[in-house]
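# Descriptive analysis of the structure
These are the residues of each chain, in order.
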Amino acid sequence: MYMKITSSLIISALIANFVIFSCSKDEPGPVEVLTYQVEDLEGDVFADNETIDFSTVVYETATLNFKVRNTSSKTIAMRIEVESMSGTDGSLMELCFGECYYGVTTGSSYPSNPSSPNVNIEPGQTQVSSGDHFFNSDPGDGTTPVEYIFKFYLADETGNQNGTAFRIKYRYTRN
């Protein structure tokens, strides 16, 4: 007795092999896009590229406090870069994000510690450090505004940008 091989039998065998091999567990599942938002201390969300204006260099009223909230289901790693500045040399800017830095430079990212370059934030939480903020004490030349553009970004384990960026402009103009 022998079995007659038909084209429908061959097609069925090919489809079965395709299904078996395409459902392999070695293939990665869908990749979650990591997301975050930047908020004030009351939980109000800043808009990307929002400008925050100040007319004083007094600490209590010229401090821009913020929190970064992880809106993902996985831990995120964050950094802040001083993307640009004008009307100042950056020496009188206080940037606190995980640690505080007195004086900043264009193109530098914070935290600046190579052994711990990121602020890690758990899912649904904000960073654990309290008091993270920007504060400018540079009165400028009296006519040109003092401006900083800060770029928040997702980072990989070595601190390199690895995701979306969010910008805030801090501007001081003398009255």
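On a predicted model such as this, the values are computed, not experimentally measured, just so you know. (Residues numbered from 1 in each chain as written. Predicted model: local features only at pLDDT ≥ 70, side-chain atom pairs only at ≥ 80, totals over all residues. Heavy atoms only, no water.)

## Here we look at the overall build of the protein
For the record, the criterion: Numbering of helices and strands starts at the N terminus; helices are DSSP runs of H or I of at least 4 residues and strands are runs of E of at least 2. Buried residues are those whose accessible area, probed at 1.4 Å on protein chains only, stays under 20% of the maximum for their type, while exposed residues exceed 50% and partly exposed ones sit between those limits. By definition in these notes, contact holds between two residues if any of their heavy atoms fall within 4.5 Å.
Along the backbone of the protein there are two helices and twelve strands. Reading the helices (α) and strands (β) of the protein from amino to carboxyl end gives α-β-β-α-β-β-β-β-β-β-β-β-β-β. Counting the 175 residues in the protein, one finds 36% classified as buried. Partitioning the contacts of the protein with sequence separation of at least 6, the portion at a separation of at least 24 is 71%.

## Considering the side chain of Thr88
Just so we agree on the cut-off: In protein, a polar contact requires one atom able to donate a hydrogen and another able to accept it; more generally it is a pair of N or O atoms within 3.5 Å, and residues adjacent in sequence count only if both atoms are side-chain atoms.
With respect to the helices and strands, Thr88 occurs in the loop between strand 5 (76–86) and strand 6 (93–97). Within the structure, the side chain of Thr88 is placed 3.4 Å from the side chain of Tyr148, a separation counted as a polar contact. The residues touching Thr88, leaving out its near neighbours within four places in the chain, are Asp138, Val146 and Tyr148.

## Brief notes about the pattern of salt bridges
Quick reminder of the rule: Take a side-chain nitrogen of Lys or Arg and a carboxyl oxygen of Asp or Glu: if they are within 4 Å of each other, that pair is a salt bridge.
Per the counting criterion, the structure on display carries six salt bridges. The partner of Glu39 in a salt bridge is Arg69, and the shortest N-O contact between them spans 2.6 Å. Separated by 30 residues along the polypeptide, Glu39 in strand 1 (residues 36–39) and Arg69 in strand 4 (residues 67–70) bring together distant segments of the chain. Overall, the relative accessible area of 3% leaves Glu39 in the buried class. For the salt bridge of Lys169 with Glu147, the shortest nitrogen-to-oxygen distance reads 4.0 Å. Here the residue Lys169 occupies a position in strand 12 (residues 161–172), and Glu147 occupies one in strand 11 (residues 146–155), the gap between them amounting to 22 residues. You can call Lys169 partly exposed: its relative accessible area is 22%. Overall, Glu147 belongs to the buried group, its relative accessible area being 17%.

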